[in-house]
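# Architecture and fold: a report
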Amino acid sequence: MKKITTIIATIIFCWSCQTEKPNYLIANSLEFTYSNGWSGGVSLMITRDGILNYNQNEIHGETNKATYYKDTLNSQTIDSINIFLSKLKKGKIDSVYDENCADCGMYIFRIEYPDTILKSTITGIHNIDNELSKLAKYLLRKKPNLENRIDTCADFKTTNYLKPPPPLRPN
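Report follows, based on the coordinates.

What counts and what doesn't
- Residues numbered from 1 in each chain as written.
- Predicted model: local features only at pLDDT ≥ 70, side-chain atom pairs only at ≥ 80, totals over all residues.
- Heavy atoms only, no water.
- Salt bridge = Lys/Arg side-chain N within 4 Å of Asp/Glu carboxyl O.
- Buried < 20%, exposed > 50% of the residue type's maximum accessible area, 1.4 Å probe, protein only.
- Helix = DSSP H or I, 4+ residues; strand = E, 2+ residues; numbered from the N terminus.
- Core = buried A, V, L, I, M, F, W, Y, C linked by side-chain atoms within 4.5 Å.
- Contact = heavy atoms within 4.5 Å.
- Phe/Tyr/Trp six-rings, centres within 6.5 Å; stacked < 30°, edge-to-face > 60°.
- Lys, Arg positive; Asp, Glu negative; His and termini not counted.

The next point concerns the pattern of salt bridges. Inspection of the entire model under this criterion finds 4 salt bridges. Ionic pairing is found between Glu112 and Arg110, a salt bridge with its closest N-O pair at 3.3 Å. Judged by its relative accessible area of 10%, Arg110 falls in the buried class. Among the salt bridges present, the one from Lys134 reaches Glu131, with a minimum N-O distance of 3.8 Å. Note that Lys134 and Glu131 are positioned in helix H3 (residues 131-141) at a spacing of 3 residues, about one turn of the helix. The class for Lys134 is partly exposed, based on a relative accessible area of 37%.

Attention now moves to the nonpolar core. Ranked by internal contacts, the top residues of the largest apolar core, which has 30 residues, are Leu44, Ile46, Ile81, Phe109, Ile111 and Leu139. Other than its neighbours up to four places away in sequence, Phe109 contacts Leu30, Glu31, Phe32, Leu118, Lys119, Ser120, Leu132, Leu135, Ala136, Leu139 and Thr158.

Of note, Glu147 is situated in the loop between H3 and strand S8 (149-150). Between the C-alpha atoms of Glu147 and Lys70, which are 77 residues apart in sequence, the distance is 9.5 Å.

With that settled, the discussion passes to the packing of aromatic side chains. The full count for this structure, using the stated rule, is 5 aromatic pairs. Their ring planes at 40° and their centres at 4.9 Å tell us that Phe32 and Phe109 sit as a pair that is tilted. You can see Phe32 sitting in strand S1 (residues 29-35) and its partner Phe109 sitting in strand S6 (residues 106-112), a full 77 residues away along the chain. According to the relative accessible area criterion, Phe32 is buried, its value standing at 0%. Of the residues examined, Phe109 reaches a relative accessible area of 2% and is grouped as buried. Among the aromatic residues, those joined into a ring-pair cluster are Phe32, Tyr34, Tyr107 and Phe109.

Structurally, Asp71 can be placed in strand S4 (residues 63-72). Although Asp71 lies buried, it forms no salt bridge, and the closest oppositely charged side chain, Lys142, sits 10 Å away as judged by the N-O distance. Excluding residues within four positions of it along the chain, Asp71 makes contact with Gly50, Ile51, Leu52, Pro144, Asn145 and Asn148.

Next comes the structure, spelled out in structure tokens:
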């Protein structure tokens, strides 16, 4: 009986010590910006190895306040994002989906695959339901842990859509 217990304990110990195999995005990077059309939004970039850089922006008049986070996505989240990325790469994605409305929310994507770059913008996010908007909604639900706040500013190519233009200077 001691022998069987020792064997089972050894098997359980070895199995529990296994580390999770690293999981990677099928894209080199994924940049995404969400603007609520009025007072700010979110801008994020996920690297191939699952590092999430996340900016939350609040814009009130000429004031731009941003909070920055850095986190690592778990394998399950990376797998879910990869499902979206596979569908997007195989599908026909337009560069612009526009509902022509003022103060509408926007999703801006820049997905860099090893062999191509997908860029797309959705304006009027409540009226368009496609794979890009589903990915956007998924990404917005995956907020980083609040304890992963950092003091470093990180802007991406899609972040510029959130920032108001500088005020005009009198001549």
